[in-house]
Amino acid sequence: MDTVALKQSADALLAAAVGAGDLPGVVAAVTTREGTVYESAFGKRVLGQGPAMSQDTVMWIASMTKPVTGVAAMQLVEQGKLSLDEPAAKVIPELATFKVLDGWDGDQPRLREPRGEITLRKLLTHTSGFVYDIWNPDMDRYLNLMGLPRAGSGKNVALRTPLAFDPGARWEYGIGIDWAGKMVEAASGQRLGDYMRQHIFEPLGMDSTAYRITPSMRERLAKVHQRGPDGALAVTAFEVNQEPEFEPGGGGLYSTAADYLEFIRMILNQGSADRVNGGRQLLRPDTVDLMSRNAMGELRVTKLPGIRTSLSLDAEFFEGTPKTWGLTFMINEAEAHTGRPAGSLAWAGLGNTYFWIDPKNGIGGVHMAQVLPFVDPRALANFYAFEKSVYDALG
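Residues numbered from 1 in each chain as written. Predicted model: local features only at pLDDT ≥ 70, side-chain atom pairs only at ≥ 80, totals over all residues. Heavy atoms only, no water.

### Comments concerning helix 5 (residues 176–188)
For clarity, the threshold we go by: Each helix is a run of DSSP H or I of at least 4 residues and each strand a run of E of at least 2, with the numbering of both proceeding from the N terminus. Here the expected span of a helix is defined as 1.5 Å times the quantity of residues minus one. For every residue, the accessible area (1.4 Å probe, protein chains only) is compared with the maximum for its type, and the residue is labelled buried under 20%, exposed over 50%, or partly exposed between those bounds. Contacts between residues were defined by any pair of non-hydrogen atoms, one from each residue, lying within 4.5 Å.
Taking 1.5 Å of rise per residue, the 13 residues of helix 5 would be expected to cover 18 Å, and the 18 Å separating its terminal C-alpha atoms lies within 8% of that figure. Counting buried residues in helix 5 gives ten out of 13 residues, a clear majority hidden from the surface. On the buried face of helix 5, the contacting elements are helix 2 (65–78), helix 3 (120–125) and helix 6 (192–204). Looking at the residues trailing helix 5, positive phi occurs at Gly189, about 75°.

Rendered as structure tokens:
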């Protein structure tokens, strides 16, 4: 990789996005299996004030939590404490009680028994039937009718929604990984954040990643900004509930670009916390391989229609490129326009934090901002441009 060319091109496009007001601040970094080859930060943690962005700036990473939960679950699968394909209700009996929302009779939801059973595999691949109200009009209607809080509230009742379809019938992004996190808790006997800290964060040296914002993390915290109808950004008071009833496996972690790069490197090194120095093996190589390939058969990822446009616009990455889902990673099945090869792993967080992992070339990267709505066109365009600059530098 031509790191000099990458530094010049990536710095220029990141600085231009901040200078144009497209982003209040952004942090980006790239790693190989051996170590970080690019890192930079531009703009402010809070628009128009305060300290500058840096690699140790703490950000809400939202659904970038999901792959971490996936690693936790697969550690327990390796130990025989969880199974991918046995009924999940063997671990959490409540999962046998959910019905399918099968339409409406006036204002009353019509519910029926599901055909098929929820499993950990289906939870991790978003094929269980659980969905998010943000992208599903029927579930949005159901939550409003029943007066239920959203999943991000950290309240247990928020997970007690019907299924939108029979388990295994299709792919739709949803709260299934929150339930997978509860399976980790049931199998380990630990609160999810405690399990993650002991078995993932500490071995990787991720000391600024947690559900609860520590005093040290708060000193480096970036605020979430909201894009208004006129395109202008405004600072919000948003913060994940710091006293939740449950710690959601599907979202809620705070982290830094530097910390998340450690997680990416572990996946690139097939589960090793430090391949160069002979570090601890967090997952077996065959488990990482299993997580990194299609885990949902003939089903494919589809576009998510933005129902609550203050939170998310229509969401699909590399439209027209076929995509499947591994065990908590999206996988593109053809080369993307950025140069990302087929078989790469990726996902994102609601606040426009993005990552990708490219096992073929042995690289991965992050591009992290704090802006709503999700897939904000300016943030997404800058991420794509950054990723393309990485592949251009590969030669």
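### Looking at the packing of helix 2 against helix 5
Selection criterion: Lines fitted to C-alpha atoms define the axes, with helix axes restricted to the stretch in contact, and inter-axis angles between N-to-C directions lie between 0 and 180 degrees. Here a crossing is taken to be left-handed if its near helix is turned anticlockwise relative to the far helix by less than a right angle, and right-handed if that turn runs clockwise. As a working rule, the residues Ala, Val, Leu, Ile, Met, Phe, Trp, Tyr, Cys and Pro are called nonpolar, Asp, Glu, Lys and Arg charged, and the rest polar, with Gly in that last group.
Two numbers describe how helix 2 lies on helix 5: the axes approach to 9 Å, and their chain directions differ by 35°. Crossing of helix 2 against helix 5: the hand is left-handed. Contacts between helix 2 and helix 5 involve Lys66, Thr69, Ala72, Ala73 and Leu76 on the former and, on the latter, Ile177, Ala180, Gly181, Val184, Ala187 and Ser188. When its residues are assigned to classes, the contact of helix 2 with helix 5 shows seven nonpolar, three polar and one charged.

### What about the packing of aromatic side chains?
Inclusion rule: Pairs were defined over the aromatic rings of Phe, Tyr and Trp, the Trp ring being its six-membered one, requiring ring centres within 6.5 Å. Orientation was assigned from the angle between planes: stacked under 30 degrees, edge-to-face over 60, tilted for the rest. In this analysis the charged atom, NZ for Lys or CZ for Arg, is taken to sit over a ring once it is within 6 Å of the ring centre and within 35 degrees of the ring normal.
Inspection of the entire model under this criterion finds 25 aromatic pairs. Arranged with centres 5.1 Å apart and planes meeting at 80°, the rings of Phe98 and Phe130 form a pair that is edge-to-face. Here Phe98, found in the loop between helix 2 and strand 5 (100–105), pairs with Phe130, found in the loop between helix 3 and helix 4 (137–146); they are 32 residues apart in sequence, far enough to count as distant. Since its relative accessible area comes to 0%, Phe130 is described here as buried. Ring plane angle 35° and centroid distance 5.9 Å describe the contact between Phe383 and Tyr384, whose orientation is recorded as tilted. Each member of the pair Phe383 and Tyr384 is classed as buried. Above the ring of Trp104, the side-chain terminus of Arg141 is found at 4.0 Å from the ring centroid.

### Let's talk about the nonpolar core
Threshold: Put simply, buried Ala, Val, Leu, Ile, Met, Phe, Trp, Tyr and Cys residues joined by side-chain atoms within 4.5 Å make one nonpolar core.
Judged by nonpolar contacts, the single largest core of 122 residues is most densely connected at Phe263, Phe317 and Phe386. Excluding its chain neighbours within four sequence positions, the residues that come into contact with Phe317 are Lys323, Met330, Trp347, Ala348, Tyr354, Phe374, Val375, Leu380 and Tyr384. Membership of the second largest hydrophobic core comes to nine residues, among which are Trp104, Val131, Met139 and Phe165.

### Here we look at the sheet that holds strand 12 (residues 345–349)
Test applied: Any two strands with at least two DSSP bridges between them are considered paired.
Read across the sheet, eight strands follow the order 3-2-1-14-13-12-11-10 without closing on themselves; strand pairing throughout is antiparallel. The open sheet has two edge strands, strand 3 (49–52) and strand 10 (323–325), and neither has a second partner. The average undirected angle you get between the axes of adjacent strands in this sheet is 20°. Summarising the sheet, strand 10 and strand 11 (residues 330–332) pair through three bridges and their orientation is antiparallel. Bridge pairing in strand 11 places Lys323 opposite Asn332. Most of the contacts of helix 8 (residues 257–268) go to strand 14 (residues 363–368), to which it runs at about 155°, and overall it touches strand 1 (25–32), strand 2 (36–46), strand 12, strand 13 (353–358) and strand 14.

### Comments concerning helix 8
In an α-helix there are 3.6 residues to a turn, and that puts residues three or four apart on one side. Over its twelve residues, helix 8 runs 16 Å from end to end, which matches the ideal 16 Å to within 8%, given 1.5 Å per residue. In terms of residue burial, helix 8 counts as a mostly covered element, since ten of its twelve residues are buried. Considered for burial, the residues of helix 8 that qualify are Ala257, Asp259, Tyr260, Leu261, Phe263, Ile264, Arg265, Met266, Ile267 and Leu268. Phi for Gln270, located one or two positions after helix 8, is positive at around 55°.

### Some thoughts on the environment of Gly362
Locating Gly362 in the fold gives a position in the loop between strand 13 and strand 14. Judged by its relative accessible area of 4%, Gly362 is buried. With near-sequence residues (within four places) excluded, Gly362 lies in contact with Thr31, Thr32, Arg33 and Leu268.

That's the geometry; what it means functionally is another story.
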